[in-house]
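Observations on the three-dimensional arrangement
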Amino acid sequence: MPVSPSSFDLKRILRPNILRLEPYRCARDDYSEGILLDANENSYGPAFKAEIRGASGGSGADVQISAGADGLDLHRYPDPLGRDVKQRILALRPGVPSIDNVFLGVGSDEVIDMLVRVTCTPGKDKILITPPTYGMYKVVASVNDVGVVKVPLIVDDGSFQLDAGAVIEAAVGDPAVKIVWLCSPGNPTGTRLRAEDVRRVLDSRFAGLVVVDEAYVDFVRAERGGSFAGLVAEYPGLVVMQTMSKSFGLAGIRLGVGIASSELVGYLNNAKAPYNVSTLSLSVAREALSDDGLHKMRQVTQSLAAQRDGYLIPELKRLAHVGAILGGNDANFVLCRLVDSEGRASNELAKGVYTEMAEKRGLVVRFRGLDAGCEGCLRITVGTAAENAAVVATLRALLAAIP
Ligand SMILES: Cc1ncc(COP(=O)(O)O)c(C=O)c1O
């Protein structure tokens, strides 16, 4: 398959020290069977048998793990590459060629950090982000002393689509930019980016990585299209990030996924801590990615979308001082703009309501009024039916009291 752009050269994007890196190797990389006395584990097994029972909130299933008793082998280090979990990810994301195209991190937050660390030389290189967007890209850049170029999404019409021309111009025009970070569906926008805009960036002369963060991809309405993960064979500069934290309801296990060329995944594996993802997380993820697990995930995302589209959005729109619901609503949250009596977006009102709800009503949403194009906005996660009813009733009471 021809790759695009044909001049793409990963070695020009990676930091010289990463190209030279001699990765940590353990004996288990070569031999994993027999009497294992190579890794200074405790051959006597776990010192106690822990039973972890999670009667989860919401409508989810219970999680039950019996450590030590059921073959989890917690006295052993985990598979450094989480191969069986990766195999199941291939079934979930058609078009991803092999498990060698999949990187596992401690949440996608670790994937973000690893991508910056293998590509950007501190004090020299930059990433490009498209505000309003997920806050960790900027935080990770700051921690790594990496610059941030900002090209805002198109905010005027509240659609939050990509200004592809401006992104390409800024990225191509600044050779220090190593990564363009796109978020689709966006946070806090909920907008799935148009495929043709993402393709334009991928097909441009930009020679760095284009990361598409798809944390919320499973909430996208089918007619708007699915994941970009299947394009990694075509575009060696493309990285697609996903997570078990959202649609799978497993934020607590901290498992994030980076799908990319096998060459890039190889360098990420070389640079990561050898056993970054725990046996417990891998074990839960394996179950969640089974046929049964995927079926349940799809049922939950459908119920959630029904709550979002059939209850939360229409009810919010009916409230006094709710000016608009912004963005594409393709995620498990809605972005709700509060307006004053003149119909103007009001941060004062949104901040006041947010604080009152959190401090006096025990209901925590997110104030996002300071993000580009989000003046007066609260971001409200879609909860259970009872939680959604509570947030609507609380907002109704608070907003009705405002002149
Ligand atoms: C767009 C986006 N990417 C990544 C993350 C982080 O996900 P994880 O829990 O996998 O670290 C979040 C979390 O809210 C997010 O909104």
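Residues numbered from 1 in each chain as written. Predicted model: local features only at pLDDT ≥ 70, side-chain atom pairs only at ≥ 80, totals over all residues. Heavy atoms only, no water.

Our next topic: the overall build of the chain. Across its full length, the chain holds eleven helices and 13 strands. Compactness check: the chain gives a C-alpha radius of gyration of 23 Å against a globular reference of 22 Å for 403 residues, within 12% of the reference. Each principal axis of the C-alpha atoms in the chain carries an extent, and together these give about 75 × 55 × 35 Å. Relative to its full complement of 403 residues, the chain shows a buried share of 51%. Summed over its atoms, the accessible surface of the chain is roughly 18,700 Å², and 50% of this surface lies on carbon and sulfur atoms. Separation of charge centres in the chain, based on 44 positive and 47 negative side chains, amounts to 2 Å. (Helix = DSSP H or I, 4+ residues; strand = E, 2+ residues; numbered from the N terminus. Rg over C-alpha atoms; globule rule 2.2 N^0.38 Å. Buried < 20%, exposed > 50% of the residue type's maximum accessible area, 1.4 Å probe, protein only. Areas by Shrake-Rupley, 256 points an atom, 1.4 Å probe, with all protein chains shown as cover. Lys, Arg positive; Asp, Glu negative; His and termini not counted. Charge placed at Lys NZ, Arg CZ, Asp CG, Glu CD.)

In terms of burial, helix α8 (residues 279–288) is largely enclosed, as seven of its ten residues are buried. Along α8, the residues classified as buried are Thr279, Ser281, Leu282, Ser283, Val284, Ala285 and Ala288.

On to the site of the ligand. By nearness alone, 13 residues border the ligand, and Ser108, Asp213, Tyr216, Thr243 and Ser245 come closest of all. Taking Ser245, its side chain carries an N or O atom lying 2.6 Å from an oxygen atom of the ligand. When the ligand sits alone it has 400 Å² of accessible area, and the protein chains cover 92% of it. Here the residues of the shell around the ligand are counted per class, giving four nonpolar, five polar and four charged. (Near = heavy atom within 4 Å. Polar contact = N/O pair within 3.5 Å; in protein donor to acceptor, adjacent residues only side chain to side chain. Nonpolar A, V, L, I, M, F, W, Y, C, P; charged D, E, K, R; others polar.)

What follows covers the domain arrangement of the chain. Per the domain assignment, the segments making up the chain are domain 1 (13–41 + 76–289) and domain 2 (295–400). On the side of domain 2, 21 residues touch domain 1, which itself brings 24 residues to the contact. Among the residues of domain 1 in contact with domain 2, Pro188, Phe219 and Arg221 are the three that bury the most area, contributing 34% of the side total. If you look at where domain 1 meets domain 2, you find two salt bridges. A salt bridge links Arg221 to Asp309; the shortest N-O distance between them is 3.1 Å. At the junction of domain 1 with domain 2, the criterion picks out ten residue pairs in polar contact (both at pLDDT 80 or more). Class assignment for the residues of the side of domain 1 that touches domain 2 results in eleven nonpolar, nine polar and four charged. (Domains from an automatic or database assignment. Contact = heavy atoms within 4.5 Å. Buried area = accessible area lost by both parts, 1.4 Å probe. Salt bridge = Lys/Arg side-chain N within 4 Å of Asp/Glu carboxyl O.)

The next subject is the nonpolar core. As a rule of thumb, nonpolar side chains are buried together in soluble globular proteins. By size, the foremost hydrophobic cluster in this structure holds 54 residues, and its most contacted members are Leu104, Val180, Met244 and Phe248. Looking at which domains feed residues into this core, each of domain 1 (13–41 + 76–289) and domain 2 (295–400) supplies at least three. In this structure Phe248 touches Leu92, Asp218, Thr243, Ala288, Leu289, Leu294 and Met297, once residues within four positions along its chain are discounted. Core analysis: the next-biggest nonpolar cluster, separate from the first, contains 31 residues, Ile112, Ile127, Ile179 and Leu268 among them. (Core = buried A, V, L, I, M, F, W, Y, C linked by side-chain atoms within 4.5 Å.)

Moving on, we get to the packing of aromatic side chains. In the structure shown here, the tally under the stated rule is five aromatic pairs. Plain terms: the ring middles of Tyr137 and Trp181 are 5.0 Å apart, the flat faces sit at 15° to each other, and that makes the pair stacked. Residue Tyr137 is found in helix α4 (residues 136–143), and its partner Trp181 is found in strand β6 (residues 177–183); the two are separated by 44 residues along the sequence. Residue Tyr137 shares its accessibility class with Trp181, and that shared class is buried. Linked through ring pairs, Tyr134, Tyr137 and Trp181 together constitute an aromatic cluster. The ring of Phe333 carries Arg379 above its face, with NZ or CZ at 5.7 Å from the centroid. (Phe/Tyr/Trp six-rings, centres within 6.5 Å; stacked < 30°, edge-to-face > 60°. Lys NZ or Arg CZ within 6 Å of the ring centre and 35° of its normal.)

Read across the open sheet, the seven strands follow the order β3-β9-β8-β7-β6-β4-β5; overall the sheet is mixed. What marks the edges here is a single partner per strand, and that holds for β3 (102–105) and β5 (147–150). Adjacent strand axes in the sheet meet at a mean angle of 25° when their direction is disregarded. As judged from the four bridges shared by strand β4 (residues 126–129) and β5, these two strands associate in the parallel manner. Paired with Lys126 across the strands is Gly147, a residue of β5. Sheet strands in contact with helix α2 (residues 83–92) are β3 and β9 (256–259), and its direction is about 120° off that of β3. (Pairing = 2+ DSSP bridges. Axes fitted to C-alpha atoms, helices over the stretch in contact; angles between N-to-C directions.)

Before going further, it helps to examine the pattern of salt bridges. All told, the structure shown has 22 salt bridges when counted by the stated rule. Across the salt bridge formed by Asp79 and Arg83, the nearest N and O atoms sit 2.9 Å from each other. We classify Asp79 as partly exposed; its relative accessible area is 26%. Ionic contacts of the salt-bridge type, sharing partners, join the residues Arg221, Arg308, Asp309 and Asp330 into one network.

As a further point, take the pairing of strand β10 (residues 322–326). Bridging between β10 and strand β11 (residues 333–338) involves four bridges; their strand directions are antiparallel. Residue Leu326 lies in a different strand from β11, and its bridge partner there is Leu335.

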